[in-house]
Amino acid sequence: MAEWHARVLARFTPELVLFDLDGTLIDSVPDLTTAIDAMLQQLGRAPAGREQVSHWVGNGADALVRRALTAGDETAAWLLTSEQVAPARQAFDQAYMQALHHATGAYDGVEEFLRSSPAPMVLVTNKPRVFTEPLLQSLGWQPYFQLLLCGDDLAQKKPHPAPLLHACEQLGVAPQQALMVGDSRNDVEAAKAASIACAAVSYGYNHGEPIADSQPDWLLDDIRQLLAL
Ligand SMILES: O=C(O)COP(=O)(O)O
Ligand SMILES: [Mg+2]
């Protein structure tokens with residue numbers, strides 16, 4: 001499978017690579033779990049644990065907190081009012097700011113790829129900017145990206161195509177010449193809606209489901225397979 005994808009990818013040379021962050025470049029679930037469990041504890045609730053948290057990541061901090069408050073019941077999560085969510089969100093934000101990069105690290109091969117990428121790169125994450133910037137700084141990754149687009153920068157976030165199209169426009173690259181690389185259906189759906197080719201990594205979170213179900217153009221087991229471009 002890996003070989004086949006490397007060959008197919010070799011036929012496409014993107015002028016811009018748009019990267020997702022959580023679940024694609026970094027494994028942030030250990031620190032996100034610390035923060036979610038601290039929040040739940042403050043509210044007098046049982047901890048959720050890493051596996052549950054990994055299923056709730058991908059639509060930004062607000063969605064993560066809502067899912068934690070409703071034990072992953074997606075309908076109930078979005079019936080909560082902003083007022084109901086606000087105290088929990090405040091507790092989460094405080095705890096995550098402290099935990100941010102204690103146990104968060106890059107997946108295998110990511111550093112190597114970022115150092116040697118033949119194409120310019122931008123980061124398109126649903127993570128709020130207040131966490132993304134210090135996290136990238138602690139990893140020393142800011143110089144690698146021409147642009148950071150965070151979950152709260154625009155009115156819409158992935159799976160809406162707007163952040164991806166905005167990134168292409170800012171960099172002066174046609175969507176058809178760009179490549180989105182992500183771990184979740186939000187990334188694949190956003191890319192498809194933006195007419196951007198999409199490679200998905202198989203090791204990420206994707207709400208606990210196989211990302212192959214979303215039919216990305218390519219499936220990668222390791223980000224270095226992109227170097228075959
Ligand atoms: O904050 C999140 O939920 C995940 O962000 P991502 O878009 O980098 O995966
Ligand atoms: Mg992700």
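Here, residues in each chain are numbered from 1, in the same order as that chain's written sequence. For this description, chains carry letters from A and ligands carry numbers from 1, given in the order in which they are written. This being a predicted model, a pLDDT of at least 70 is required before a residue's local features are given, and a value of 80 or more before pairs of side-chain atoms are given or counted; all residues contribute to the totals for chains, interfaces and linings.

Okay, the overall build of the protein next. Looking only at helices and strands, the protein features 10 helices and 8 strands. Taking 2.2 N^0.38 as the reference for a compact globule, 229 residues should give roughly 17 Å; the C-alpha atoms of the protein span a radius of gyration of 17 Å, in line with that estimate. Partly exposed residues are those whose C-beta has more than 12 but fewer than 20 other C-beta atoms within 10 Å; 20 or more makes a residue buried and 12 or fewer makes it exposed, with C-beta atoms placed from the backbone. By residue count, 45% of the 229 residues in the protein fall in the buried class. Contact between two residues is assigned whenever their backbone-derived C-beta positions fall within 7 Å. Considering only residue pairs separated by 6 or more positions, the protein has 65% of its internal contacts joining residues 24 or more positions apart. Put simply, DSSP marks the helices as runs of H or I at least four residues long and the strands as runs of E at least two long, and each gets a number from the N terminus on. A radius of gyration in this sense is built from C-alpha atoms; the matching globule rule multiplies 2.2 Å by the number of residues raised to 0.38.

Right, let's talk about the domain arrangement of the protein for a bit. Domain segmentation is taken from an automatic or database assignment of domains. What the domain assignment lists for the protein is domain 1 (2-27 + 105-228) and domain 2 (29-99). Between domain 1 and domain 2, the C-alpha centre-to-centre distance is 24 Å. Facing 14 residues of domain 1, the contacting portion of domain 2 comprises 10 residues. Residues are grouped as follows: Ala, Val, Leu, Ile, Met, Phe, Trp, Tyr, Cys and Pro are nonpolar; Asp, Glu, Lys and Arg are charged; every other residue, Gly included, is polar. Residues belonging to the side of domain 1 that touches domain 2 are distributed by class as follows: 3 nonpolar, 7 polar and 4 charged.

This brings us to the site of ligand 1. A residue counts as near a molecule or strand when its C-beta atom, positioned from the backbone, falls within 6 Å of it. Close to ligand 1 lie 15 residues, the nearest being Leu21, Asp22, Thr125, Asn126 and Lys127. Its residues placed into classes, the shell around ligand 1 shows 4 nonpolar, 7 polar and 4 charged. Both domain 1 (2-27 + 105-228) and domain 2 (29-99) contribute no fewer than three residues apiece to the shell around ligand 1.

Our next topic: the packing of helix H2 (residues 29-42) against helix H6 (residues 82-99). A pair of packed helices is characterised by two quantities: the angle between their axes and the separation of those axes. At a closest axis distance of 8 Å, the pairing of H2 and H6 adopts a crossing angle of 140°. With respect to H6, the element H2 is oriented oblique. Relative to H6, the crossing made by H2 is right-handed. The segment H2 lies against H6, with Asp31, Leu32, Thr34, Ala35, Ile36, Ala38, Met39 and Gln42 engaging Ala88, Ala91, Phe92, Ala95, Tyr96 and Ala99. Partitioning the contact of H2 with H6 into residue classes produces 11 nonpolar, 2 polar and 1 charged. Axis lines are fitted to C-alpha atoms, over the contacting stretch for helices. Their N-to-C directions set the angle, which ranges from 0 to 180 degrees. Angular relationships are summarised with four words: roughly parallel below 35 degrees, roughly antiparallel beyond 145, roughly perpendicular across 65 to 115, and oblique for the angles in between. Working rule for handedness: look at the near helix, and if it is turned counterclockwise from the far one by less than a right angle, call the crossing left-handed; if clockwise, right-handed.

Okay, the nonpolar core next. If you look at the biggest cluster of nonpolar residues, it comprises 63 residues, and the most contacted ones within it are Leu18, Ile36 and Leu164. Element by element, the count of residues in this core is highest for H2, at 6 residues. Both of domain 1 (2-27 + 105-228) and domain 2 (29-99) provide at least three residues apiece to this core. Excluding anything up to four places from it in sequence, Leu164 contacts Leu18, Val124, Met180, Ala190, Ala191, Ala194 and Ile196. Buried Ala, Val, Leu, Ile, Met, Phe, Trp, Tyr and Cys residues form a nonpolar core when they are connected through C-beta atoms within 7 Å.

So, on to the sheet that holds strand E6 (residues 178-182). Two strands qualify as a pair provided that DSSP identifies no fewer than 2 bridges between them. Here we have 6 strands laid out as an open sheet, ordered E5-E4-E1-E6-E7-E8, and parallel in their pairing. The open sheet has two edge strands with one neighbour each: strand E5 (145-149) and strand E8 (218-220). Averaged over all pairs of adjacent strands, the angle between strand axes in this sheet comes to 20°, irrespective of strand direction. Note that strand E7 (residues 197-201) and E8 share 3 bridges and pair parallel. The partner of Ala199 across the bridge, within E8, is Trp218. The strands touched by helix H9 (residues 162-171) are strand E1 (16-19), strand E4 (121-124), E5 and E6; relative to E5, the strand with the most contacts, the crossing angle is about 145°. In this fold helix H10 (residues 185-193) packs onto E6 and E7, with an angle of close to 170° to the strand it touches most, E7.

UniProt positions are given in the numbering used here, feature names are shortened, and annotations may be inferred rather than shown by experiment. The UniProt entry lists Asp20 under the feature "active site" (unreviewed entry), expressed in the numbering used here. Leaving out residues up to four positions away in the same chain, Asp20 has contacts with Val124, Thr125, Val181, Gly182, Asp183 and Asp187.

Per the UniProt record, "binding site: Mg(2+)" (unreviewed entry) is found at Asp20, Asp22 and Asp183. A maximum C-alpha distance of 8.0 Å is found for the annotated residues, which run over 164 residues; spatially they form one tight group. Here Asp20 shows up in the loop between E1 and strand E2 (26-27). If we ignore the near neighbours within four places in the chain, the residues touching Asp183 are Asp20, Gly23, Thr24, Ala200, Val201, Gly204, Tyr205, Asn206 and Ile211.

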